[in-house]
Structure formats: structure tokens, C-alpha cells
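Here are the chains, one letter per residue:
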Amino acid sequence: MSLTVELFDLPAHQFRVFWGASGSMWQSLWDRFLDFTGDNPLALWTVGSYVYTSLVYWSIGLAYTLLDVTGRPAALRRYKVQPGTNEPVDPARLRTVIRQVLFNQFCTGLPMLFLMYYLLPGQTRDTIRQLPTFVTVVWQLAVCILIEEVMFYYSHRLLHDGRIYRYIHKRHHEWTAPIAITAMYAHPVENVLSNLLPIAVGVWTTGCHISVAWLWFTLAISNTLHVHSGYHLPLLPSPEQHDFHHLKFNQCYGVLGVLDWLHGTSEMFHRSKQAKRDYIMTSLEPVRETHPDQ
């Protein structure tokens, strides 16, 4: 073998060694987790997914809610997207949101998980035990992201149709300056059509492993909480587009912004000051100070 071939093969070889060791580590951790919880596919996909997604939603959501209620740490108020709103959040409105979200999670989310399980290819203890490869995880997540973008954009835009808006989607838009846990503050029909189905269809389409599904649920839930939070914090997803949607109603319907660009439903946003702030911050300087209103 020539020296050139050896030099080019060295990084690939090192990556294979690293991934092999890393894969063994994750498989060992997964086996220990299943030894603790049990490896019944029905229980994991339904009750397990319900508990897991609820923990993700409320751990992130309550962290933001404590900030909204207490205003502490005060330094984080510099990162408000709409300064002066929800400072502090109204307790009565907050209780209404919490009740609706809990109702949606139990009465629409849990049945959807059962439906998801029964529409997936046959699940066995052996398939639950074996983690997928890195390449499989990447392409399945990519498919889930693309499907969500398409389904969320068109279902969300449908809900803004004047003939049905006041009956369903108006509830979510009671908050023109949203807070994190309003992500699932919605009419149950909207919760199924626009929140749950866009996430679930990617799982059905790919037939992915439950670990990939949980990773996908984590990404989707954490993202919607961050973009509804009302805070543009360092290293977290930018909430500017979706916050602008709550402010203006007829702009920025999507998640990635691709279909908004294609359909021209983000033109007003791109002419706004908020568009200049629409990026992931890598410094501690708030975007409103980097790009002030005046």
C-alpha cells in the first residue's frame, strides 16, 4: 500500500475505531436501561414515550416558567424578544395554559402513541434491544425533519383560514407574546393535526427504532419550547420567526422557513428588524443590543 493511501485511510480508520467504541458504549447503556425498565415494546412505545416526552416538555417548560413568574435571574430579561411582556406572567392565564396542556398530553398525546405503535412494523424485544447504526439515525432524523416541515406548514396555514380560525387556532393565538409552555396550548383538534401528526408521520414513514423516535421527540419538543419561550438566549434556536408569527398572525407559518420562502409568507418578516436578529447567538450580547430598534 502506498504512503498516500495510508495517509488518507488513517482518519477513516480512526473514525471507525472511535465509532465502534462509542457504539459499544451506547449499546451497553441502552441494555442497562432496558434491564431496569423492561423491554416490552408496547409498554415502551406507549407509556414509556408518554412519560419521556412529558418529562422533556415540563423540565424545559418549567425552567422558562420560573423565569417568567419570578423574573429571576434578572440578567436574562435582557434577552426578551418582546421586552415588557409577561413580566411577570399573569397567574390566571398561566393556570389556564397548564390545564389545557395537561389535557392535550393525556387525552390526545397518549392515544396517538398507541396508534403510532400499532401502525409501526412489528416490534419485538430483539429489535428494541438492538440500537441502529449512526448512518441510519442520521437519515431517519433528516426524513422526520423534512416531513414535519411540510406537514406543519400546510396544517398550520390551514388553521389560519378565516372560516375555521376562530373555532380552533384562535386559542393558541391568545398569546401574541408567547411563553414556552404555550407551545401545546391549543384546541385538541389543532394539537392532533398540527402538533402531533407532523412529528408522528416521520416515525411511521421511517419505521425507526424507539431510541431514534425519542431523540426526534426531544429535538422537536425542545425546539418548539424554545421558539415559544419569548427569550432569544445564547446557543439556543432563534425564536424570532415564530415570535413574529404570533405578533403578526399571517407570517412565518413553518419550522425551517423553507416553505415560507417558497410561498412568500415570510416577506414581511425579512423586511423587519427581527430578521436581522434571526440567528443562533454565539456571544452573550443580546440581539436587541446588537440590532436595536432604532
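Definitions and limits used
Residues numbered from 1 in each chain as written. Predicted model: local features only at pLDDT ≥ 70, side-chain atom pairs only at ≥ 80, totals over all residues. Heavy atoms only, no water. Helix = DSSP H or I, 4+ residues; strand = E, 2+ residues; numbered from the N terminus. Rg over C-alpha atoms; globule rule 2.2 N^0.38 Å. Buried < 20%, exposed > 50% of the residue type's maximum accessible area, 1.4 Å probe, protein only. Contact = heavy atoms within 4.5 Å. Areas by Shrake-Rupley, 256 points an atom, 1.4 Å probe, with all protein chains shown as cover. Lys, Arg positive; Asp, Glu negative; His and termini not counted. Charge placed at Lys NZ, Arg CZ, Asp CG, Glu CD. Axes fitted to C-alpha atoms, helices over the stretch in contact; angles between N-to-C directions. Parallel < 35°, antiparallel > 145°, perpendicular 65-115°, else oblique. Left-handed = near helix turned anticlockwise from the far one by under 90°. UniProt positions renumbered as here; feature names shortened; annotations may be inferred. Core = buried A, V, L, I, M, F, W, Y, C linked by side-chain atoms within 4.5 Å.

### Concerning the overall build of the protein
Right, on to step 1. Looking only at helices and strands, one finds 12 helices and zero strands in the protein.
Right, on to step 2. Mapped from its N terminus to its C terminus, the protein presents α and β elements in the order α-α-α-α-α-α-α-α-α-α-α-α.
Right, on to step 3. Relative to the compact-globule value of 19 Å for 294 residues, the protein shows a C-alpha radius of gyration of 21 Å, a close match.
Right, on to step 4. Expressed as a percentage of the 294 residues in the protein, the buried residues total 46%.
Right, on to step 5. Considering only contacts in the protein between residues 6 or more positions apart, those separated by 24 or more positions represent 74%.
Right, on to step 6. Carbon together with sulfur atoms contributes 66% to the accessible area of the protein, which is approximately 15400 Å² in total.
Right, on to step 7. Of the charged side chains in the protein, 22 are positive and 22 negative; the average position of the first set lies 9 Å away from that of the second.

### Things to note about the environment of A186
Right, on to step 1. Looking at the element boundaries, A186 is found in the loop between α5 (134-159) and α6 (188-206).
Right, on to step 2. C-alpha of A186 to C-alpha of L236: the two residues are 50 residues apart in sequence and 24 Å apart in space.
Right, on to step 3. In contact with A186, other than residues within four places in its own chain, are Q100, N104, R171, N191 and N195.

### Some words on unusual backbone geometry
Right, on to step 1. Note that the residue after R72, namely P73, is joined by a cis bond; omega there is 0°.
Right, on to step 2. Counting through the fold element by element, P73 comes out in the loop between α2 (41-70) and α3 (91-119).
Right, on to step 3. For the bond from E87 to P88, the omega torsion is -5°, close enough to zero to count as cis.
Right, on to step 4. When you line up the elements, P88 lands in the loop between α2 and α3.

### Quick notes on the packing of α2 against α3
Right, on to step 1. Where α2 contacts α3, the two axes come as close as 9 Å, and the packing angle between them is 160°. Comparing their axes, α3 and α2 come out roughly antiparallel. Taken as a pair, α2 and α3 cross one another with a handedness that is right-handed. Where α2 approaches α3, its residues P41, L42, W45, T46, S49, Y50, S54, Y57, W58, T65 and V69 are matched on the opposing element by L94, I98, V101, L102, Q105, F106, L110, L113, F114, M116, Y117 and Y118.

### A look at the UniProt feature "domain: Fatty acid hydroxylase" (unreviewed entry) in the protein
Right, on to step 1. Feature annotation in UniProt assigns "domain: Fatty acid hydroxylase" (unreviewed entry) to the following positions: residues 142-265.
Right, on to step 2. The distance separating the terminal C-alpha atoms of residues 142-265 is 24 Å; by composition the span is 57% helix and 0% strand.

### Observations concerning the nonpolar core
Right, on to step 1. The biggest cluster of nonpolar side chains holds 51 residues, and the ones touching the most others in it are W45, Y57, M116, V203, W216 and F217.
Right, on to step 2. Only α1 (3-37), α2, α3, α5, α6 and α7 (210-228) provide two or more residues apiece to this core.
Right, on to step 3. A per-element tally of this core places α7 first, with nine residues.
Right, on to step 4. Residues contacting M116, with those up to four places away along its chain left out, are W45, A200, V203, W204 and F217.

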